[in-house]
Amino acid sequence: MSALGDVIKAMIAEEGPITLERYMELALLHPEHGFYVGRDPFGAAGDFITAPEISQMFGELLGLWAAEAWASMGRPRPIRLIELGPGRGTMMSDALRAARIVPDFRAAIDVTLVEASPVLAEIQHETLLTSGAPVGWVPTVAEAPEGPAIVLANEFLDALPLRQYVRSGGRWRERVVRVDRAGGLEFGVARESEPFILAPGEEGEVLEVNPSAHRLVFELAGRLVKQGGGALFIDYGHAFTSLGDSLQAVRAHQRVDPLVEPGEADLTAHVDFAAMTRSARAAGAAVYGPVDQGDFLRAIGIDGRTRALTERAPPDRAGEFELARQRLVGKNAGEMGGFFKVMAIANRAIPPPPGFEPEPPRS
Ligand code: SAH
């Protein structure tokens with residue numbers, strides 16, 4: 001058991017079983033032993049690899065997407081360019097470099113990075129040292145400076161701690177983590193049931209709810225409605241709310257048991273885009289998508305960008321851009337294009353952002 005495992009067991013011995021939500025929060029962000037707090041988990045040598053780490057094209061295209069969105073907002077100055085959970089800062093660095101081809105936009109940008117991990121904030125600082133843009137850090141999006149904003153979030157919502165309810169004995173009970181007889185951690189269910197959940201369900205079925213994601217999207221949408229702007233969420237998940245257990249733990253690119261070594265593995269869950277849509281609309285924002293990442297990246301120009309980079313590359317590197325493009329847009333197993341989805345939320349005063357159809361009329 002990891003150091004954090006011992007901390008959690010002591011906590012359970014004192015307070016009783018803890019909810020999955022609390023467990024996930026501790027596993028990811030415990031101030032001493034949390035997964036994101038003590039390490040750089042990204043890249044081939046790390047625990048997992050994300051789109052900006054696969055290719056510079058990802059961040060570059062988002063930088064140009066942001067430039068177009070800014071123009072459609074009436075070119076406000078300054079424009080807050082906010083990124084949620086920036087990892088190594090790679091995507092922002094690529095976006096800022098690409099934005100140089102729109103000098104007015106580039107000059108108006110004021111960057112805010114929302115990062116809970118001090119170790120990653122330090123890495124982001126180094127990555128962006130030579131970007132030339134003013135960059136600030138805040139631990140929560142609520143603390144980001146006011147004003148018209150463009151918000152980018154890649155693989156952020158999937159890291160927010162979720163709750164699970166298990167259908168047990170004809171009732172929904174919240175999933176908890178407790179200590180088993182052998183002194184390890186195991187899942188159980190709370191004694192009290194949840195009378196407010198009315199969904200049907202068969203014994204053992206799992207219902208997921210992510211209160212922190214709901215709150216974040218609702219508050220952010222409210223800000224965009226009031227102060228102007230839009231946000232882009234890219235993540236893996238489903239377009240419709242459905243039952244099922246999507247919690248997964250990954251360490252060194254392998255699926256592992258989420259309870260065996262808390263703090264040593266990444267814990268994520270599918271994003272319920274339908275639920276996020278309800279939150280954003282409840283705050284008065286327009287919602288676009290979700291669309292497949294592959295379709296989105298092609299709509300905003302990844303094919304042309306791939307050709308341009310390939311033509312300019314030295315012969316020994318010419319093949320890498322097409323390989324990266326295929327990995328980002330392809331929809332086969334192991335490719336990201338169909339598995340990841342892209343959703344935008346925006347102030348209703350601005351037109352649909354690049355890459356999206358107008359919002360369908362609602363009854
Ligand atoms: N966007 C990056 C990293 C994704 S991993 C990429 O695509 O490579 C998730 C990121 O969100 C990490 O930077 C992590 O430290 C940060 N994070 C996770 N939970 C957070 C929270 N509650 N508040 C702020 N940042 C958080």
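See the structure above.
Residues numbered from 1 in each chain as written. Predicted model: local features only at pLDDT ≥ 70, side-chain atom pairs only at ≥ 80, totals over all residues. Heavy atoms only, no water.

Asker: Got a minute to help me understand the site of the ligand in this structure?
Answerer: Every one of the 19 residues lining the ligand counts as a neighbour, but Thr 50, Gly 85, Gly 87, Glu 115 and Asn 154 are closest to it. A distance of 2.7 Å is found between a nitrogen atom of the ligand and a backbone nitrogen or oxygen belonging to Gly 85. Against a free-state accessible area of 570 Å², the protein chains account for coverage of 94% of the ligand. According to the grid-proximity analysis, the pocket containing the ligand is the largest pocket. The class makeup of the residues in the shell around the ligand is eleven nonpolar, five polar and three charged. (Near = heavy atom within 4 Å. Polar contact = N/O pair within 3.5 Å; in protein donor to acceptor, adjacent residues only side chain to side chain. Areas by Shrake-Rupley, 256 points an atom, 1.4 Å probe, with all protein chains shown as cover. 1 Å grid on protein atoms, 1.4 Å probe; cavity = no way out; pocket = protein on both sides within 12 Å on 5 of 7 lines; lining within 4 Å. Sits in = over half its atoms within 2 Å of the grid points. Nonpolar A, V, L, I, M, F, W, Y, C, P; charged D, E, K, R; others polar.)

Asker: Can you walk me through unusual backbone geometry in this structure?
Answerer: Here the bond from Arg 77 into Pro 78 is cis, since omega is -5 degrees, no more than 30 degrees from zero. Note that the residue after Gly 289, namely Pro 290, is joined by a cis bond; omega there is 5 degrees. Assignment of secondary structure puts Pro 290 in strand 15 (residues 286-292). Its identity is not glycine, yet Glu 155 carries a phi of approximately 50 degrees, on the positive side. Of note, Glu 155 is situated in the loop between strand 5 (149-154) and strand 6 (163-168). Unlike most non-glycine residues, His 253 shows phi in positive territory, near 65 degrees. Tracing the backbone shows His 253 in the loop between strand 11 (248-251) and strand 12 (254-256). A relative accessible area of 38% means that His 253 is categorised as partly exposed. (Helix = DSSP H or I, 4+ residues; strand = E, 2+ residues; numbered from the N terminus. Buried < 20%, exposed > 50% of the residue type's maximum accessible area, 1.4 Å probe, protein only.)

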